[in-house]
Structure formats: structure tokens, C-alpha cells
Amino acid sequence: MSSLKKVILLDNVDVRCKNILEKAGIQAESREKLSKDDLLKELGGGNYDGLVVRSATQVTTEVLQAAGSLKVIGRAGVGVDNIDVESATKRGVLVVNAPNGNTISAAEHTCALICCLGRRIPEAHSMVKSGKWDRKAYMGFELHGKVLGIVGLGRIGREVAARMQSFGMRTIGYDPIVSAGEAARHRIEYYDLEKVLAESDIITLHTPLIPATKHLINDTSLATCKRGVRFVNVARGGIIDEKALERALISGQCGGAALDVFAVEPPNVADISHPNLIVTPHLGANTKEAQIRCAEEIAQQFCDFANGHVPHGALNSKTMSLSLMQLSCLYLSSLVIRNEISPSGEKFLNINNNSCYIGPF
């Protein structure tokens, strides 16, 4: 059994997390977001075995160095780009996320933004509120019969597909770790990334932010899309090169975009001023239901950890320590970026001096 006696909860994690932990005999203290100095001071005393954060708190190498007593870090959500997982691994600190908690909320927000792109709802709302009435100024388009490209066919991507199919959209998609057969079970036509980009009217992104997906959508990939393509990103900031997107919006290569996440949050207002760009302040998981599910999922995993079990959301346990590298390899191989061919014709990729076998091409 692991020794887990005291946990600190930051970023207004739902109270249900605290309740579950305390019912299991684990002391839990809740705080709002702490400044960097206050965080270092709070964790530096060696008072906590566990830490739970949402997306606001940055768990850096410096924080981990100060928090020498930490055994486990929980992310009450999916993305862990605010946690230095590599540094945590080196220090023997387990990192877990809540992969199931915000699926429905993120999918619904994605669908809402797709609808907004089709009917220009935010602009029309603002016009009427300003006292104007001009129906002709905001001509939209139907979603029925359009092609929705889904990059990333995990839980959220599949839920988006199910909802937008009910609008009569044709759904196509790509994911390096999902088979064509699995995609077909969700009525998604499986293609390579290039074809998804080339054939889609609207493209929605549902990948993690890893080295291989940073700026996945850039000047080069935007140029391969249909002229006037629309993009939606409710995944992670940084998957889209925002400067490249701005250039595509100005040229008309991209007809519109809806972003809920940004490389730097909050973004510079000057960078989000294009009239065909819809923005929301990272609301994908911002529902009561999602926050409750994430809090409960993380708390239960901490209890599992305390009882000597590997939590289902573990990202750097011994059995999963290569997962991010392997996923990076798969994305990189699909994009044919930096490859080495062995004498036998097998292809390897090199990431941070770690070779990853992809297989014969």
C-alpha cells in the first residue's frame, strides 16, 4: 500500500474530490490558484504527498524540485501540457489525468462552435444587440451534406462525429492509433491526414499537444486544404500555428475558425481580431457536470494509488512511460518527418535520441 496522507487541491477543483479523499482517510486541503511564489512555499514544506490541479497551475521542474515529498500529481481534466511529466517521471512522481470526465462537454462545445461557424451566430447576436437589423449581412451555410474532418478519433472526436452525423454531415477522420475498422464502427470514413485536410469543409482537432502535433496546422498544411475551409480547435492551444491561421484568414484560404484554446492564454487581443474568427475562453470542459466527473475520477484514482493499484489514468507508470514517445512517433511517421531507413527497409523515427519502430512501409 502506498503512503498517501495529505493532498492539496488547486484551481477550484470541485468539492467532491475533497469529499471522496477524506472519506477514504486522506486529508485534503483546497486552495484557489496560487502565485508561483506561494505555490513554491506551500509545497516546499514537505507537507503534501499529492497535488491536484486543473489547467491554470503550472507544475514545472522548479515546482517539482521544491515539492520533494510529492508522490502523485492529478490533472482534473485530460491535457497535461501544464505539467512537466518528464521531470515528474525522473523524480518518481506519478502523473494521472481524468480521461473520461470532460468528454461530453468538450464534444458539445465543439458542435456548438461548428454551428456558430455555419450560421455566424456570434456576429449576428452582436449586431442585433448594437441596435442594428440587417439579415442580408450574415448569410450562412447549411451543415447538411458538408464534410467534417476529424483529426483525432478518441472519445471526444467520436462523440463529435455522432452528433454532427445527425445534422447530415459526412464524417471522415484520421488518427494514427485508431484502425479503419474502429473508425467505421462510428460511421467515420478513415483516411490519411493529407486526404482529410484536402476533402473537408470543416476540420475539428482532437489530438493531444505533443511535439509531433505542435503546429500540426501550419502554412503548409493549410495550403493543402480546400479554399474557404473552416477550423475548430477545442483541444489544446499550439496545435494550430495561430500566425499561419491569421494569414490564411486574411487571404481567404481559411473561411473561418473557432478557437477555444490558445498557445498563450489569454491571447493578445490584436491576434484574435479577424472578423471570421470566433473565440471562447477555454470553455470546453467548463460545465458543472464535467467538473464533477473530473473531480470524482481523479479522487478515485488517488484512492486506487493509496491502495497500491495503478490508476487507469496513469501517464508515466512503468507500463506507460513510453506512451507519449510512441504516440509522437506515430504522428511523425504519418507526416513523414525525419525518418531513417534501416538496411532491411524498416523505418525508424528518432525523438530525443530514442528510436521508435514504426514498421515496414
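Every chain is numbered independently, its residues counted from 1 as its sequence is written. Local features are withheld for residues below a pLDDT of 70 in this predicted model, meaning they are given only at 70 or higher, and side-chain atom pairs are given and counted only at 80 or more; totals for whole chains, interfaces and linings count all residues. Side-chain descriptors were evaluated using all non-hydrogen atoms of the structure, hydrogens and water having been removed beforehand.

Chemist: Help me get a handle on unusual backbone geometry, residues and values and all.
Modeler: Cis rather than trans, the peptide bond between Glu265 and Pro266 has omega equal to -5°. Secondary structure is summarised from DSSP: a helix means a run of H or I of at least four residues, a strand means a run of E of at least two, and numbering begins at the N terminus for each. For Pro266, the location among the structural elements is in the loop between β11 (254–259) and β12 (277–279). The backbone of Asn12 sits at a positive phi, close to 60°, despite the residue not being glycine. Inspection of the secondary structure assignment puts Asn12 in the loop between β1 (6–9) and α1 (15–23). Residue Asn12 is classed as exposed on the basis of its relative accessible area of 52%. With a phi angle near 55°, Arg120 is a residue other than glycine that sits in the positive phi range. Categorising residues by exposure relies on relative accessible area from a 1.4 Å probe, with only protein chains included: less than 20% of the type maximum marks a residue as buried, more than 50% marks it as exposed, and the intermediate range marks it as partly exposed.

Chemist: Tell me about the packing of α1 against helix α12 (residues 288–306), residues and numbers included.
Modeler: At a minimum axis separation of 7 Å, α1 and α12 run at an interaxial angle of 25°. As judged from the angle between their axes, α1 and α12 are roughly parallel. The element α1 and its partner α12 pack so that their crossing is right-handed. Contacts between α1 and α12 pair Arg16, Cys17, Ile20 and Leu21 from the former with Ile292, Ala295, Glu296, Ile298, Ala299, Gln300, Phe302 and Cys303 from the latter. Residue type decides the class: Asp, Glu, Lys and Arg count as charged, Ala, Val, Leu, Ile, Met, Phe, Trp, Tyr, Cys and Pro as nonpolar, and the leftover types, Gly among them, as polar. Residues that form the contact of α1 with α12 fall into these classes: nine nonpolar, one polar and two charged. Between N-to-C directions, angles span 0 to 180 degrees; the directions come from axes that are lines fitted to C-alpha atoms, helices contributing only their stretch in contact. Should an angle lie under 35 degrees it is considered roughly parallel, over 145 roughly antiparallel, and from 65 to 115 roughly perpendicular; all remaining angles are considered oblique. When the near helix sits turned anticlockwise from the far one by under a right angle, the crossing is termed left-handed; a clockwise turn instead gives a right-handed crossing. Residues count as neighbours in contact if any of their non-hydrogen atoms are within 4.5 Å of one another.

Chemist: Can you break down the packing of helix α5 (residues 103–119) against helix α7 (residues 155–165) residue by residue, with the values?
Modeler: Pairs of packed helices are described in terms of their axes, by the angle between the two and the distance that separates them. At a minimum axis separation of 9 Å, α5 and α7 run at an interaxial angle of 50°. Our classification of the angle between α5 and α7 gives oblique. Note on packing geometry: the crossing formed by α5 with α7 is right-handed. Counted together, Thr103, Ile104, Ala106, Ala107, Glu108, Thr110, Cys111 and Ile114 of α5 and Arg155, Ile156, Glu159, Val160, Arg163 and Met164 of α7 form the full contact between these two elements. Residues belonging to the contact of α5 with α7 are distributed by class as follows: eight nonpolar, two polar and four charged.

Chemist: Which residues make up the sheet that holds strand β2 (residues 27–30), and what are the values?
Modeler: Across a sheet, strands are paired by hydrogen bonds formed along the backbone, either parallel or antiparallel in direction. Whether two strands pair depends on DSSP finding at least two bridges between them. Sheet architecture is open: five strands sit in the order β2-β1-β3-β4-β5, paired in parallel fashion. The strands lining the two open edges of the sheet, one partner per strand, are β2 and β5 (94–97). This sheet shows a mean twist of 20° between the axes of neighbouring strands, independent of strand direction. Where β1 and strand β3 (residues 50–53) come together, three bridges link them in parallel fashion. Residue pairing across strands places Ile8 opposite Leu51, the latter belonging to β3.

Chemist: Now, about the nonpolar core: what can you tell me, with residues and values included?
Modeler: Only buried Ala, Val, Leu, Ile, Met, Phe, Trp, Tyr and Cys residues count toward a nonpolar core, and they belong to the same one when joined by side-chain atoms within 4.5 Å. Counting residues in each nonpolar core, the largest one holds 27 residues, and the members touching the most others are Val151, Ile203, Leu205, Ile217, Phe231, Leu245 and Cys254. Contributing elements (two or more residues each) for this core: β6 (147–151), β7 (170–174), α9 (193–199), β9 (202–205), β10 (229–233), α11 (242–251) and β11. Among the elements that take part in this core, α11 stands out by supplying four residues, more than any other. By size, the runner-up hydrophobic cluster in this structure holds 23 residues, among which are Val13, Cys17, Val52 and Ala306.

Chemist: Could you give me a rundown of the pattern of salt bridges, with the residues and numbers involved?
Modeler: The term salt bridge refers to a side-chain nitrogen of Lys or Arg lying within 4 Å of a carboxyl oxygen of Asp or Glu. In total, this model carries 18 salt bridges according to the counting rule given. Among the ionic pairs, Glu29 bridges to Arg31, the shortest N-O distance being 3.1 Å. One network of salt bridges, with partners in common, ties together Lys6, Glu29, Arg31 and Glu42.

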